[in-house]
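Here's the letter readout for the chains.
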Amino acid sequence: MGEWQPGSQPKPEAPQLLTDEHQAPAEFRLEQNYPNPFNPDTEIHYQIPEATHVKLEIYNLLGQKIRTLIDGQKPAGSHTLRWDGKDNTGIAVSSGVYLYRLTAGRFCETRKMVLIR
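Residues numbered from 1 in each chain as written. Predicted model: local features only at pLDDT ≥ 70, side-chain atom pairs only at ≥ 80, totals over all residues. Heavy atoms only, no water.

**Structural notes on the environment of Lys55**
Here is step 1: Along the chain, Lys55 falls in strand β3 (residues 52-60).
Here is step 2: On the basis of relative accessibility, which here comes to 28%, the residue Lys55 falls in the partly exposed class.
Here is step 3: When the C-alpha positions of Lys55 and Gly105 are compared, they lie 9.3 Å apart, and in sequence the two are 50 residues distant.
Here is step 4: Apart from residues no more than four positions distant in its own chain, Lys55 is found in contact with Ile70, Asp71, Arg101, Leu102 and Thr103. (Helix = DSSP H or I, 4+ residues; strand = E, 2+ residues; numbered from the N terminus. Buried < 20%, exposed > 50% of the residue type's maximum accessible area, 1.4 Å probe, protein only. Contact = heavy atoms within 4.5 Å.)

This is how it looks when you write it as structure tokens:
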């Protein structure tokens, strides 16, 4: 097979990159958990534009810490954590409204979620 010749089939185009899944997000972001309300577990999505220390904690409405889902260094990008409705000792918590708080660098945001048993 020789080189491409004028008048033959069109010269194939180089593949295009439509999305770059490895590109860092432009801003910090904490998404609403899904599903919400949930039973028995839920997913929490967040984005960080730079590598940083990340802490994601679950609290009850009295402000008591129920569970720490992550407390460590994370690379820039989109991340997902799953909460199984259990506290730090592995005991299932009761139905109710819970708060989840993401702290990443100077960013801090809290959202509500509902567990129905």
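**Focus: the confidence of the model for the chain**
Caution applies to low-pLDDT regions: their predicted coordinates should not be interpreted in detail.
Here is step 1: Put simply, the chain has an average pLDDT of 87, and 81% of its residues get 70 or more.
Here is step 2: Counting interchain partners and residues more than four positions distant, the pLDDT-below-50 stretch residues 14-20 has zero contacts. (pLDDT = per-residue confidence, 0-100.)

**Details of the pairing of strand β7 (residues 107-115)**
Here is step 1: The pairing of strand β6 (residues 96-104) with β7 spans nine bridges and is antiparallel. Residue pairing for β7: Arg101 is matched across the bridge by Thr110.
Here is step 2: Hairpin connection from β6 to β7: two residues lie between these consecutive antiparallel strands, with Gly105 at a positive phi of about 60°. (Pairing = 2+ DSSP bridges.)

**Quick notes on the nonpolar core**
One recurring pattern in soluble globular proteins is that nonpolar side chains are buried together.
Here is step 1: Core analysis: the biggest nonpolar cluster contains 21 residues, and Ile44, Tyr46, Leu56, Ile58, Trp83, Tyr98 and Met113 have the highest contact counts within it.
Here is step 2: For this core, the element with the highest residue contribution is β6, accounting for four residues.
Here is step 3: Setting aside residues no more than four positions away along its own chain, Ile44 makes contact with Leu30, Asn33, Leu56, Ile58, Leu69, His79, Thr80, Leu81, Tyr100 and Met113. (Core = buried A, V, L, I, M, F, W, Y, C linked by side-chain atoms within 4.5 Å.)

**What about the sheet that holds strand β2 (residues 42-48)?**
Here is step 1: An order of β1-β2-β5 is seen for the three strands of this open sheet, with the pairing classed as antiparallel. In the strand order of this sheet, the two ends are held by β1 (29-30) and β5 (77-83), each with one partner.
Here is step 2: For β1 and β2, the ladder comprises two bridges, and the chain directions are antiparallel. The partner of Arg29 across the bridge, within β2, is Gln47.

**Notes on the packing of aromatic side chains**
Centre-to-centre distance and the angle between the planes together describe a pair of aromatic rings.
Here is step 1: Overall, the coordinates contain three aromatic pairs when judged by the stated rule.
Here is step 2: For the ring pair Phe28 and Phe107, a centre distance of 5.3 Å and an interplane angle of 10° mean the geometry is stacked. Of this pair, Phe28 sits in the segment before β1 while Phe107 is found in strand β7, placing the two residues 79 residues apart along the sequence.
Here is step 3: Residue classification places Phe28 among the partly exposed positions, given a relative accessible area of 21%.
Here is step 4: According to the relative accessible area criterion, Phe107 is buried, its value standing at 17%.
Here is step 5: On the basis of an interplanar angle of 70° and a centroid distance of 5.6 Å, the ring pair of Trp83 and Tyr98 is categorised as edge-to-face. Taken together, the residues Trp83 in strand β5 and Tyr98 in strand β6 connect sequence positions 15 residues apart.
Here is step 6: Note on Tyr98: relative accessible area 5%, which makes it buried. (Phe/Tyr/Trp six-rings, centres within 6.5 Å; stacked < 30°, edge-to-face > 60°.)

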